[in-house]
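# Close look at the chain arrangement
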Amino acid sequence: MNPILQSLIDSAPYINKMRENGYMVGITDREKSLVFIPNKVIDIHMKPNQLLPNDDPMIHAMNTGKPFEVKVSKELYGVPFKAYYCPVRDENNNIIGGFALGRELEIEEKVLELSEALSQSIGQITSGLNHIAKGSQNQEEISEKMVETVEKATEKYEETDNIINFIKTVSNQTNLLSLNAQIEAARVGVAGKGFAVVANEMKKLGNSSGQAVSNIGNIITEIRKSNDTVNELVDQNSIIASEQAAAMEQILANIQELNTSIISLKKILAKL
């Protein structure tokens, strides 16, 4: 046994205990394992004198003569881990074996899985919030159109008031003409009976017109009250829609910050 390899074998148990879960420690010669000490998580079941697989990272380190760090996939030994592989040289600078130091990736893998799940959830939430935000925007646009409609209806009410006032004037004039006709019919006596009939009909027409105008006015007043109520509700709805849109923008901004943090976390995990 080369003294250098022997000294590494003697030191391996101490190196193994240098962290809470321990380090996986492996020492090989050019072809086979000399010693393997698992940690509390990683155990690739490497036996002494067991030949190294052709795709073992240690073979690559010894063939290139350069140390490197690598993430070993779960497919190779059944458990993912990160290890540092270093060729071991003798006093003549000849490569005589290799030294490996590894640690588990269990926590990193779980955090990565959680990050992926969070990313997917955030994507779904963002999509939903965008849909809601678009709905709020549409709601606000509808409210604005309703306000325009109500304003136009109010203008029509003002025009209706002018018409009602005109009808009232006609009704009053009709009643006045009826009164004058009755006076004239009474003055001429029997000869004015036909004129009196016309005067009575004019009076009826005036009274009916006045009553109709009063009824129309009452109905329009009720409609106007309802219109004012709708206008108030539309204003309130518009305010709520604006507040919802602002809240959605803030939520989306916060989610974007969270998503950025998750991306940064993934980058950090990749460097561990």
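Residues numbered from 1 in each chain as written. Predicted model: local features only at pLDDT ≥ 70, side-chain atom pairs only at ≥ 80, totals over all residues. Heavy atoms only, no water.

### Brief notes about the nonpolar core
The biggest cluster of nonpolar side chains holds 19 residues, and the ones touching the most others in it are Ile44, Phe81 and Tyr85. At the level of elements, α2 (57–64), β3 (68–72), β4 (81–89) and β5 (95–104) are the ones that each hand at least two residues to this core. It is α2 that contributes the most residues to this core, four residues altogether. Among the nonpolar cores identified, the runner-up in size contains twelve residues, and Leu5, Ile9, Leu34 and Val35 belong to it. (Core = buried A, V, L, I, M, F, W, Y, C linked by side-chain atoms within 4.5 Å. Buried < 20%, exposed > 50% of the residue type's maximum accessible area, 1.4 Å probe, protein only. Helix = DSSP H or I, 4+ residues; strand = E, 2+ residues; numbered from the N terminus.)

### Things to note about helix α1 (residues 3–16)
In a regular helix each residue adds 1.5 Å, so 14 residues correspond to 20 Å; α1 covers 20 Å between its end C-alpha atoms and thus fits that length. At Asp10, α1 shows its strongest bend, of approximately 35 degrees, with the proline Pro13 following within four residues. Within α1, burial applies to Leu5, Ile9, Ala12, Ile15 and Asn16. Residues of α1 that are buried sit in contact with β1 (24–28), β2 (33–37), β4 and β5. (Expected span 1.5 Å × (residues − 1). Bend = angle between axes of the 7 residues up to and from the residue. Contact = heavy atoms within 4.5 Å.)

### Let's talk about unusual backbone geometry
The backbone phi angle of His45 is positive, close to 55 degrees, even though this residue is not glycine. One non-glycine residue, Asn49, lies in the positive phi region at around 70 degrees. Tracing the chain through its elements places Asn49 in the loop between β2 and α2. A relative accessible area of 53% places Asn49 in the exposed class.

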